[in-house]
Amino acid sequence: STQSTGSSGINAEYGAFDKDMDSNLSQEEWVLGLSVFLRGTLEERVAYCFNVYDMNNDGYISREEMFQMLKNSMVKQTTEEDPDEGIKDIVELVLKKMDHDHDNRLSMDDFMKSVKEEDLLLEAFGPCLPDTKYREKFLADLESGNVILDVSQAKS
């Protein structure tokens, strides 16, 4: 079970699996995506999260993309303060911390370097990987035969 960054997050997560961008998941794309999702190296998980967060697939996480993802993942507060202002402040803090080449957007290199310095930044813009507890349970169930993946109906 994974929480998403909202309905746009589900599309982005699906898109991160759909490598050839044909809007269909082949059996190979599903297995490779699931492999990264469940057992990926740090570099593979960084690339996966980056691809989820790069909503327009231009190779960068822009201020606007950060703002949208943070807005979708924030708990609504019932204060007088404009929540958008607080989110804009967070975007500025994120850029200050993660934008190593100072071009006001995050490249894959910026993101990778930042996550290697502080692994909590991996899901900085909202959860997109399964919780460790659920991932370990799924893998244990899969290895014990309690979960059967039927990919016979998948497009190959």
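One can find the structure itself at the top, above this paragraph.
Residues numbered from 1 in each chain as written. Predicted model: local features only at pLDDT ≥ 70, side-chain atom pairs only at ≥ 80, totals over all residues. Heavy atoms only, no water.

**As for the overall build of the protein**
Part 1 of the reasoning: Assigned secondary structure in the protein consists of seven helices and two strands.
Part 2 of the reasoning: The secondary structure elements of the protein, listed N-terminal to C-terminal, are α-α-α-β-α-α-β-α-α.
Part 3 of the reasoning: Residues counted as buried form 33% of the 156 residues belonging to the protein.
Part 4 of the reasoning: Within the protein, contacts between residues at least 6 apart in sequence are counted, and of these 57% link residues at least 24 apart.
Part 5 of the reasoning: Accessible surface for the protein amounts to roughly 9,800 Å². Of this, 51% is attributable to carbon and sulfur atoms. (Helix = DSSP H or I, 4+ residues; strand = E, 2+ residues; numbered from the N terminus. Buried < 20%, exposed > 50% of the residue type's maximum accessible area, 1.4 Å probe, protein only. Contact = heavy atoms within 4.5 Å. Areas by Shrake-Rupley, 256 points an atom, 1.4 Å probe, with all protein chains shown as cover.)

**Structural notes on the packing of helix α4 (residues 63–73) against helix α5 (residues 83–98)**
Part 1 of the reasoning: Between α4 and α5, the shortest axis-to-axis distance is 9 Å and the interhelical angle comes to 125°. Judged by the angle between their axes, α4 and α5 are oblique. Crossing handedness for the pair α4 and α5: right-handed. Seen from α4, the contacting residues are R63, M66, F67, L70 and K71; seen from α5, they are D84, I87, K88, I90, V91, E92, V94 and L95. (Axes fitted to C-alpha atoms, helices over the stretch in contact; angles between N-to-C directions. Parallel < 35°, antiparallel > 145°, perpendicular 65-115°, else oblique. Left-handed = near helix turned anticlockwise from the far one by under 90°.)

**Brief notes about the nonpolar core**
Part 1 of the reasoning: Counting residues in hydrophobic clusters, the biggest one holds 29 residues, and the most contacted among them are Y48, Y53, I61, F111 and F125.
Part 2 of the reasoning: Contributing elements (two or more residues each) for this core: α1 (7–17), α2 (27–39), α3 (42–53), α4, α5 and α6 (108–117).
Part 3 of the reasoning: If one sorts the elements of this core by residue count, α3 sits on top with six residues. (Core = buried A, V, L, I, M, F, W, Y, C linked by side-chain atoms within 4.5 Å.)

**Some remarks on the packing of aromatic side chains**
Aromatic ring pairs are reported here in terms of the distance separating the ring centres and the angle at which the planes meet.
Part 1 of the reasoning: Going through the model one piece at a time under the given rule, you end up with three aromatic pairs.
Part 2 of the reasoning: With centroids separated by 6.0 Å and ring planes inclined at 85°, the aromatic side chains of Y53 and F111 adopt a geometry described as edge-to-face. In this pair, Y53 is assigned in helix α3 and F111 in helix α6, connecting sequence segments 58 residues apart. With respect to burial, Y53 and F111 carry one shared label: buried. (Phe/Tyr/Trp six-rings, centres within 6.5 Å; stacked < 30°, edge-to-face > 60°.)

**A word on the pattern of salt bridges**
Part 1 of the reasoning: A full pass over the atoms with the stated rule returns seven salt bridges.
Part 2 of the reasoning: A salt bridge links K71 to D84; the nearest nitrogen and oxygen atoms lie 3.3 Å apart. With a gap of 13 residues between them, K71 in helix α4 and D84 in helix α5 connect regions that are remote in the sequence.
Part 3 of the reasoning: Taking the relative accessible area as the measure of exposure, K71 reaches 30% and is therefore partly exposed.
Part 4 of the reasoning: One salt bridge in this structure joins D141 and K137, with 2.8 Å as the shortest N-O distance. (Salt bridge = Lys/Arg side-chain N within 4 Å of Asp/Glu carboxyl O.)

**Overview of α4**
Part 1 of the reasoning: All of the buried residues in α4 are E65, M66, F67, M69 and L70.
Part 2 of the reasoning: Against α3, β1 (60–61), α5 and β2 (106–107) lie the buried residues of α4.

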